[in-house]
Amino acid sequence: MVNPIIEESWKKILWDQFQMHYFAELKKFLVEEKKKYQIFPPGSMIFRAFNSTPFDDVKVVILGQDPYHGEGQACGLSFSVQDGVAIPKSLQNIFKELHDDVNFSIPKSGNLQKWANQGVLLLNATLTVRAHSAGSHQKHGWESFTDCVIQRLSELREGIIFILWGNYAIDKQRLIDESKHYVLKAPHPSPLSASRGFFGCKHFSKTNEILTSLGKQPIDWQL
């Protein structure tokens, strides 16, 4: 039986997934990978997004694809890096859009823990990656798990804002009941696509407008 260390509300919501064959196979795959390769993020951080933002506290979901695969970058929160780690290009572009949208002061750190503490679930579709090998842990079970996360939020909660950047994230729109949730879509913030509509999307101010209209505390985006 797989019994991961994950925040209790999420463990309850996702318990059936941890008992499924695909999750046992995923765990077996990760054990084998760790024998041969360095895996990111460290084991204690794999479920950090869930441990930072309990199920009933989720107000916003920002969906990423893979953890960063460079040394010391991945930290269990999508797009985030630890204090002292150089800010990746996609996150630099997120900060630029924040600056233009809500007069955000560009910080020296790319640590987004403060957002997670306010109810922003920073979820990657794949929760691990082999060092220096982008996409190496895709299609081994993580996507089944994180698709279920999105579906459970959609089914059991109301009024969540799902922020989907890039085609991979936008494909997850099919899992969301838009009669009771909100979806904001734009191109990915990577240098390859940010200028095609990510810049100027104003997703941060739009998110806070929706939260305010729902009587919820807006997100303080400033780090």
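Residues numbered from 1 in each chain as written. Predicted model: local features only at pLDDT ≥ 70, side-chain atom pairs only at ≥ 80, totals over all residues. Heavy atoms only, no water.

Student: Can you walk me through the sheet that holds strand E5 (residues 161-165) in this structure?
Tutor: Sheets are built from strands that pair by backbone hydrogen bonding, the pairs being arranged parallel or antiparallel. A sheet is described by the order of its strands in space; here 4 strands give the open sequence E3-E2-E5-E6, paired in parallel fashion. The open sheet has two edge strands with one neighbour each: strand E3 (120-124) and strand E6 (182-186). This sheet shows a mean twist of 20° between the axes of neighbouring strands, independent of strand direction. Bridge analysis of strand E2 (residues 60-64) against E5 gives 4 bridges, and the strand direction is parallel. (Pairing = 2+ DSSP bridges. Helix = DSSP H or I, 4+ residues; strand = E, 2+ residues; numbered from the N terminus. Axes fitted to C-alpha atoms, helices over the stretch in contact; angles between N-to-C directions.)

Student: Help me understand the pattern of salt bridges, please; the structure alone is not making it clear to me.
Tutor: Oppositely charged side chains can pair when the atoms bearing their charge come close. Per the counting criterion, the structure on display carries 9 salt bridges. With its nearest N and O atoms 2.9 Å apart, the salt bridge here joins Asp16 to Arg152. One end of the pair, Asp16, is in helix H1 (residues 8-18); the other, Arg152, is in helix H6 (residues 142-156), with 136 residues separating them in the sequence. The class for Asp16 is partly exposed, based on a relative accessible area of 32%. (Salt bridge = Lys/Arg side-chain N within 4 Å of Asp/Glu carboxyl O. Buried < 20%, exposed > 50% of the residue type's maximum accessible area, 1.4 Å probe, protein only.)

Student: What is the right way to read the environment of Trp165 from this model?
Tutor: Secondary-structure assignment places Trp165 in strand E5. Counting along the chain gives 23 residues from Trp165 to His188, while the straight-line C-alpha distance between them is 4.5 Å. Leave out the neighbours within four places in its chain, and Trp165 touches Ile62, Phe79, Ile94, Ala186, Pro187, His188, Pro189, Phe198, His203 and Phe204. Separated by 3.0 Å, the side chains of Trp165 and His203 make a polar contact. (Contact = heavy atoms within 4.5 Å. Polar contact = N/O pair within 3.5 Å; in protein donor to acceptor, adjacent residues only side chain to side chain.)

Student: Please clarify how helix H2 (residues 21-36) should be interpreted in this entry.
Tutor: Each α-helix turn comprises 3.6 residues. Residues three or four places apart therefore point the same way. In this model, H2 (16 residues) spans 23 Å end to end at C-alpha, consistent with the 22 Å of a helix rising 1.5 Å per residue. Buried within H2 we find Tyr22, Phe23, Leu26, Phe29, Leu30 and Glu33. Projected down its long axis, H2 shows its buried positions confined to an angular sector of 115°, all on one face. Facing away from the buried side of H2, by more than 90 degrees, are the exposed residues His21 and Lys35. If you follow the buried residues of H2, they end up packed against H1, strand E1 (39-40), strand E4 (129-130) and H6. (Expected span 1.5 Å × (residues − 1). Arc of directions from axis to C-beta.)

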